[in-house]
Amino acid sequence: MSSVPVPVHPIHKDYQGAKLGMWLFLSTEILLFGGLFLLYSAYRARYPLDFHTGGQHLDTFIGIANTVILLTSSLAVAIAVTAMQKGNRRLTMICLGATIVFALMFLVNKYFEWMAEIHRGIYPNGPALLKLPDGEKIFYGLYYCMTGLHGLHVLAGAAALAITLDFVRRHKITRSDFSKLENVGLYWHLVDVVWIFLLPLLYLAA
Amino acid sequence: MGQTMEHAEEHGHVVPYRTLIVIWLLLLLLTAVLVYVSTAYHAALSVPALLTVTPLKAGLVFFYFMHLKYEKPFFKGLVILVLGALILFIGLTFADLSYR
Amino acid sequence: MTTIAQGEVPAYRGFLAAGDRKGILAWILSTDHKRIGILYLGTMVSLFLAAMIIGVLMRIEQLSVSHPLFQPAVYNAFFTVHGVIMIFMFVLPGASSVFGNFFLPIMIGARDVAFPRVNLLSWYFFIAGALVVLLSLFTGHGPPDTGWTFYVPFSLRTGTNVPMGVFGVFLLGFSSILTGLNFITTVHRLRAPGMTWHRMPLFVWATYATAWVQVLATPVIGVTLLLVIAERLFGVGVFDPTKGGDPLLYQHLFWIYSHPAVYIMILPAMGAITEVIPTFAHRTIFGYRAIAYSSLGIAILGSLVWGHHMFTSGMSDNANLVFSLFTFLVAVPSSIKVFNWTATLYKGAIELNPPMIFALTFIFLFSIGGLTGLIQGALNVNVHLHDTYWIVGHFHYVMFGGTGMGFFAALLYWFPKMFGKMYNQRVAAISWLPIFVGFMMFYGGMLVLGYMGMPRRYYTHLPQFHAGHVFASVGAFVMAAGLVLFFTNLITALFRGEKAAANPWGGVTLEWQTTSPPPLENFEEIPAIADRPYIFNREAAS
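A short tour of the structure in this document, coming up. Everything numeric here is computed off the predicted structure, so don't read it as measured data. (Residues numbered from 1 in each chain as written. Chains lettered and ligands numbered in written order. Predicted model: local features only at pLDDT ≥ 70, side-chain atom pairs only at ≥ 80, totals over all residues. Heavy atoms only, no water.)

1. A few points about the interface of chain B and chain A
Thought 1: Taken together, the contact pairs 46 residues of chain B with 48 residues of chain A.
Thought 2: Both faces combined, the contact of chain B with chain A buries some 4200 Å², and carbon together with sulfur accounts for 78% of it.
Thought 3: When the area that chain B buries against chain A is broken down by residue, the three leading residues are Tyr17, Met66 and Phe75 of chain B, summing to 15%.
Thought 4: The interface formed by chain B and chain A contains one salt bridge.
Thought 5: Between glutamate 71 of chain B and lysine 19 of chain A there is a salt bridge, with the nearest N and O atoms lying 2.7 Å from each other.
Thought 6: On inspection of chain B and its partner chain A, the count reaches five residue pairs in polar contact (both at pLDDT 80 or more).
Thought 7: Of all elements in the fold, only helix H1 (7-10), helix H2 (17-40), helix H3 (43-65) and helix H4 (73-97) of chain B reach the threshold of two or more residues within the side of chain B that touches chain A.
Thought 8: With twelve residues, H4 of chain B is the single largest residue contributor to the side of chain B that touches chain A.
Thought 9: Residues belonging to the side of chain B that touches chain A are distributed by class as follows: 31 nonpolar, ten polar and five charged. (Contact = heavy atoms within 4.5 Å. Buried area = accessible area lost by both parts, 1.4 Å probe. Salt bridge = Lys/Arg side-chain N within 4 Å of Asp/Glu carboxyl O. Polar contact = N/O pair within 3.5 Å; in protein donor to acceptor, adjacent residues only side chain to side chain. Helix = DSSP H or I, 4+ residues; strand = E, 2+ residues; numbered from the N terminus. Nonpolar A, V, L, I, M, F, W, Y, C, P; charged D, E, K, R; others polar.)

Here is the structure:
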């Protein structure tokens, strides 16, 4: 076999490879939430009326508000990526900061939403919950699991965005090497996509 | 394929600001449609709405915000594969659930 | 048997001596895929031996029915921990985490995997998961006693340390996902110039197919285990029947992963066998594309059969029929491979070195395992065989006779390349005999016991099964003795083995074109590939 000489320590960054790795990771996230969607489908088919009742009870306003917040946060991070590609570092950092603010707003809303339910006794093993029919027990169980798991991902995403913001600040992400920024953006968009499904399933389950 | 640097791909396709904002507005509009149909109408309309509007919203995020429209076919194939697997898992489970 | 040319081999330690860190830090902080592969090897073999000891204790318990040595609750913990360690810490990572890590980059002419640091993180998750599971043995109310399947509602009710055990498994799943993600990206992005898809060694194809299953199936059990933890800690109630839950949904979610998991277990081992057989038959592999694509076929079809673990659970008849049909279908790509290996052997110049002996054993034992799987895939027969020792026999034939023997064959094949030392081949061959004879007595005995009606996961048995149990236990002890000899031989070789040549077996894939052990960056220069693999009609370097 003939050989092609290459330097002993090639320092190369594989933009497509990094993107592939992130998309594969996102695939695992889709299947992670997918398990919960399977459960939701199964139980909804089994307890249609109870799921309807539960969905009506949840605070639709907060659900819609959080949807708008996440959609806008996705816009913000997408603008951040375009801005970096165009060399507009300042806009990138502003948009990343905005995304983080939106993420935190989402989490604060989620906190109040959960607190309201908990005060009404509707939480796992809560007094009011245990008096409800089985289907509603399941509905609220799924509600807490799905929004809880999603909330953890919002938190993780916010942390990742903050780290990314710092990388931009320190010029570790640049116009010619912005793979980390793009990949964090991809992650954030997936968090948004999950919520796009959660909204109708949980809040608009009419 | 291999370790060759593909310069044209290195900087990726740039999605214009305008496109991003238009998509965002579309997403808000679709959300409004979804909410309206779900609250103002019976389940008869809201479930079909959920089944069409929601994937459409998700598709917009995938295609434009996540650049999927501009990526190589492999990435589109990957998303189809993953969603297909999920649908298969749910579908086969219903082979059990629907008949008990 | 091939003799090693002693005088021509330089004293050379390759990647084993590279790097500026010293001692243990040089290993546990290294992102070199070769070191990570060896880290997996060392930890996995240790865990295997620990789980083997638990297995031996279980066999001793079954010998002492009149005066049981262990309480029933302890026996329940035994089979649970034995299963969790063997499955999640040995067979699942298996040939992929050890030999995939070590050889996949080399076989495609790359210097490392796509994400070396993620690779090390994957091993950290492995260690963390293993430690958490082991911690569950000594904390709370003791190790889980649910069986490795953690079925609800018992796993929700039992006082034992289910949350911790299950969380450990969750972490191990993360390790698997990261490895799969890394390998997929590596194969897509880092093949050397000229290394087209159809020039890759079949071990790479197998590991690649496995990686897809790791990425797509593992998250499902991840979320399921998290839900079990949430149910136990917070009383969430998504599976709990007293709160309206359906325990069968747990089983569906569990097996949606755990069935494809067995293909994660077997595919890399099959890939390793596909490397060993051409080398020792001195013939090119028969049906390269059939083997490559059947790996993918197994991965895909194998994701549709999970319900065959649930035939007697109360699933609908329709589901039973569908899953039984798919179960028969998945036997097709598996048997394609067996035909291809056999055809490769036909008219080959076969050398019975230790790797080949174990590879042939693999084919034999895996075939028995596969055929017994077909038998229990028939709905009517399954009613009698489910939850009996037949099932236990079956899965040991495929997991141990299959993946285990494949792992051993791979280890014997690649040991000289990895460590630069050769083990005592005669002792390795001798150790095969008690392993094989003991195996057949033990698990063959289980098949018979199960057919006669012996239930699994029982700490004791009725008198009519006693003779079978004694026979099986004797087989187990003989097999265990063989395994101890097998590993002692290899561990001794690490320290006192003779220097190995670059190509002691005459292999023709890329790993044999570099030194034993390989240098830090695998190749002095990245080779350019001009040919298909497995061409034996030209002189291979020795």
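Further notes follow.
2. A closer look at the side chain of glutamate 136 of chain A
Residue and element names in this part refer to chain A.
Thought 1: In this fold, glutamate 136 is placed in helix H6 (residues 134-169).
Thought 2: Although glutamate 136 is buried, it forms no salt bridge, and the closest oppositely charged side chain is lysine 137 at an N-O distance of 9.6 Å.
Thought 3: Ignoring anything within four residues of it in the chain, the contact list for glutamate 136 reads Asp50, Thr53 and Leu129. (Buried < 20%, exposed > 50% of the residue type's maximum accessible area, 1.4 Å probe, protein only. Lys, Arg positive; Asp, Glu negative; His and termini not counted.)

3. Comments concerning H6 of chain A
Thought 1: In a regular helix each residue adds 1.5 Å, so 36 residues correspond to 52 Å; H6 of chain A covers 52 Å between its end C-alpha atoms and thus fits that length.
Thought 2: Where H6 of chain A ends, the next residue or the one after it, histidine 171 of chain A, has phi of about 60 degrees, a positive value. (Expected span 1.5 Å × (residues − 1).)

4. Points about the packing of helix H5 (residues 116-138) of chain C against helix H7 (residues 162-189) of chain C
All names here are of chain C.
Thought 1: Following both chains from N to C, one finds H5 and H7 inclined at 165 degrees, their axes separated by 7 Å at the closest point. It follows from the interaxial angle that H5 and H7 lie roughly antiparallel. As H5 packs across H7, the resulting crossing turns out to be left-handed.
Thought 2: Of the residues in the contact of H5 with H7, the class split is 16 nonpolar, nine polar and no charged. (Axes fitted to C-alpha atoms, helices over the stretch in contact; angles between N-to-C directions. Parallel < 35°, antiparallel > 145°, perpendicular 65-115°, else oblique. Left-handed = near helix turned anticlockwise from the far one by under 90°.)

5. Some points on helix H7 (residues 179-203) of chain A
Along an α-helix, residues three or four positions apart point the same way, because every turn accommodates 3.6 residues.
Thought 1: With 25 residues, H7 of chain A should cover 36 Å at 1.5 Å per step; its first-to-last C-alpha distance of 36 Å lies within 8% of that length.
Thought 2: Burial runs high along H7 of chain A: 23 of the 25 residues are buried.

6. Quick word on the environment of serine 66 of chain C
Thought 1: Structurally, serine 66 of chain C can be placed in the loop between helix H2 (33-63) and helix H3 (72-91).
Thought 2: Sequence separation between serine 66 of chain C and proline 463 of chain C is 397 residues; the distance between their C-alpha atoms is 10.0 Å.

7. Section: the packing of helix H11 (residues 317-345) of chain C against helix H12 (residues 354-376) of chain C
Residues and elements named next belong to chain C.
Thought 1: With their axes 11 Å apart at the nearest point, H11 and H12 run at an angle of 155 degrees to one another. What the angle tells us is that H11 and H12 run roughly antiparallel. Crossing handedness for the pair H11 and H12: left-handed. Residues Thr327, Phe328, Ala331, Ser334, Val338, Trp341 and Leu345 of H11 form the contact with H12, whose own contacting residues are Met356, Leu360, Phe362, Ile363, Phe366, Ser367 and Leu374.
Thought 2: Looking at side-chain class alone, the contact of H11 with H12 contains eleven nonpolar, three polar and no charged residues.

8. A closer look at the interface of chain B and chain C
Accessible area lost upon the coming together of the parts serves often as the stated size of an interface.
Thought 1: Chain B puts 18 residues into the contact, and the matching count from chain C is 23 residues.
Thought 2: Carbon and sulfur atoms make up 68% of the area that chain B and chain C hide from each other, which totals about 1900 Å².
Thought 3: For the pair chain B and chain C, the number of links is one salt bridge.
Thought 4: Here aspartate 246 of chain C and arginine 100 of chain B are joined by a salt bridge, their closest N and O atoms 3.0 Å apart.

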